[in-house]
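Coordinates in review
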Amino acid sequence: MIAPAAATTPARTLARALRSKPRAMTASLNTQLKQDMPLVAYRQLTLEPYRDKEKTKLLQYIATNYRKPELDLEAVAAATGTNRTKINDVLKSELGLTFTSYLHKLRLTEAARLLTENVDTAVAEIAFAVGYANVSYFNKLFKEEYGCTPKAFRALAAQGEQPASPVQETAT
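Residues numbered from 1 in each chain as written. Predicted model: local features only at pLDDT ≥ 70, side-chain atom pairs only at ≥ 80, totals over all residues. Heavy atoms only, no water.

This part is about the overall build of the chain. Assigned secondary structure in the chain consists of 8 helices and 0 strands. Its helices and strands in sequence order give the chain the pattern α-α-α-α-α-α-α-α, from N to C terminus. For the chain, the residues scored as buried account for 38% of the 172 residues in total. Within the chain, residue pairs in contact and separated by at least 24 positions form 65% of the contacts whose partners lie at least 6 positions apart. Roughly 10,300 Å² of accessible area belongs to the chain as shown, and the carbon and sulfur atoms make up 56% of that amount. (Helix = DSSP H or I, 4+ residues; strand = E, 2+ residues; numbered from the N terminus. Buried < 20%, exposed > 50% of the residue type's maximum accessible area, 1.4 Å probe, protein only. Contact = heavy atoms within 4.5 Å. Areas by Shrake-Rupley, 256 points an atom, 1.4 Å probe, with all protein chains shown as cover.)

On to the packing of helix α3 (residues 73-80) against helix α4 (residues 84-95), then. Viewed as axis vectors pointing N to C, α3 and α4 meet at an angle of 100 degrees, and their least axial separation amounts to 9 Å. On the basis of the axis angle, α3 is roughly perpendicular to α4. Contacts from Leu73, Glu74, Val76 and Ala77 in α3 reach Arg84, Ile87 and Asn88 in α4. Taken together, the residues of the contact of α3 with α4 sort by class into 4 nonpolar, 1 polar and 2 charged. (Axes fitted to C-alpha atoms, helices over the stretch in contact; angles between N-to-C directions. Parallel < 35°, antiparallel > 145°, perpendicular 65-115°, else oblique. Nonpolar A, V, L, I, M, F, W, Y, C, P; charged D, E, K, R; others polar.)

Residue-level pLDDT values for the chain average 77, and 63% of them are 70 or greater. Here residues 1-8 is a poorly scored stretch, pLDDT under 50, and it has 3 contacts once near neighbours within four places are set aside; other chains count. Counting contacts from residues 38-45, a segment whose pLDDT is below 50, to residues more than four positions away or on other chains yields 16 contacts. (pLDDT = per-residue confidence, 0-100.)

Right, let's talk about the pattern of salt bridges for a bit. Considering all chains together, one arrives at 7 salt bridges under this definition. Across the pair arginine 84 and glutamate 74 runs a salt bridge, and its minimum N-O distance is 2.2 Å. You can see arginine 84 sitting in helix α4 and its partner glutamate 74 sitting in helix α3, a full 10 residues away along the chain. We classify arginine 84 as partly exposed; its relative accessible area is 43%. With its nearest N and O atoms 2.4 Å apart, the salt bridge here joins arginine 113 to glutamate 117. Note that arginine 113 and glutamate 117 are positioned in helix α5 (residues 99-117) at a spacing of 4 residues, about one turn of the helix. By relative accessible area, which is 23% here, arginine 113 ends up partly exposed. Through salt bridges with shared partners, a single network forms among Arg67, Glu110, Arg113 and Glu117. (Salt bridge = Lys/Arg side-chain N within 4 Å of Asp/Glu carboxyl O.)

On the secondary structure map, aspartate 89 appears in helix α4. For aspartate 89 and phenylalanine 99, which are 10 residues apart along the polypeptide, the C-alpha to C-alpha distance reads 9.1 Å.

Before going further, it helps to examine the packing of aromatic side chains. When we look at a pair of aromatic rings, we describe it by the centre distance and by the angle of the planes. Enumeration over the complete set of coordinates arrives at 6 aromatic pairs. Ring centres of tyrosine 132 and phenylalanine 138 lie 5.6 Å apart, and the angle between their planes is 45 degrees; on these two criteria the pair is classed as tilted. Classification of tyrosine 132 by relative accessible area gives buried; the value is 3%. When its relative accessible area of 0% is taken as the criterion, phenylalanine 138 is described as buried. Centroid distance phenylalanine 142 to phenylalanine 153: 5.2 Å. Interplanar angle 85 degrees. Geometry classified as edge-to-face. Taken as a pair, phenylalanine 142 in helix α7 (residues 135-146) and phenylalanine 153 in helix α8 (residues 150-158) lie far apart in primary sequence, 11 residues in all. Looking at phenylalanine 153, the relative accessible area reads 0%, which means it is buried. Counting every residue linked through ring pairs, the aromatic cluster contains Tyr132, Tyr137, Phe138, Phe142, Tyr146 and Phe153. Taking the ring centre of tyrosine 132 as reference, the NZ or CZ of arginine 107 above it sits at 5.3 Å. (Phe/Tyr/Trp six-rings, centres within 6.5 Å; stacked < 30°, edge-to-face > 60°. Lys NZ or Arg CZ within 6 Å of the ring centre and 35° of its normal.)

Below is the structure:
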């Protein structure tokens, strides 16, 4: 009887693919997180003293109120006394994002940080903490941004590798 050779069977090929996919995804997520961490709430923006008081007021308001689920363009415009077009112009020129894109990126980046730092906190609690009233919507946006669910993101982070940040894309 001939001994079976160490041939690659479909099961072995699948097993190898499944083992390598988390590593590739972790590497991709690491790259994304490194790109985004300086972006959102903590990025120093160009602020000129006289002309940019409105810009400063706008960015500070968003950075301190992004956790409120009711925050939208109208609320920011009313609170800062800035018109809607100016808000989008400022965000587009400073960050290359529209208001909605910036708000989502800010919330999702904070959620990613919380997921890695607070492993005992439920995903739903984190979603509510960063301003999403609907957990399903949060999960959908998180998956679009990071390429995996928040639960999978946390699991990748727990493997000892820091997950990456979202894919950089330009807002429309």
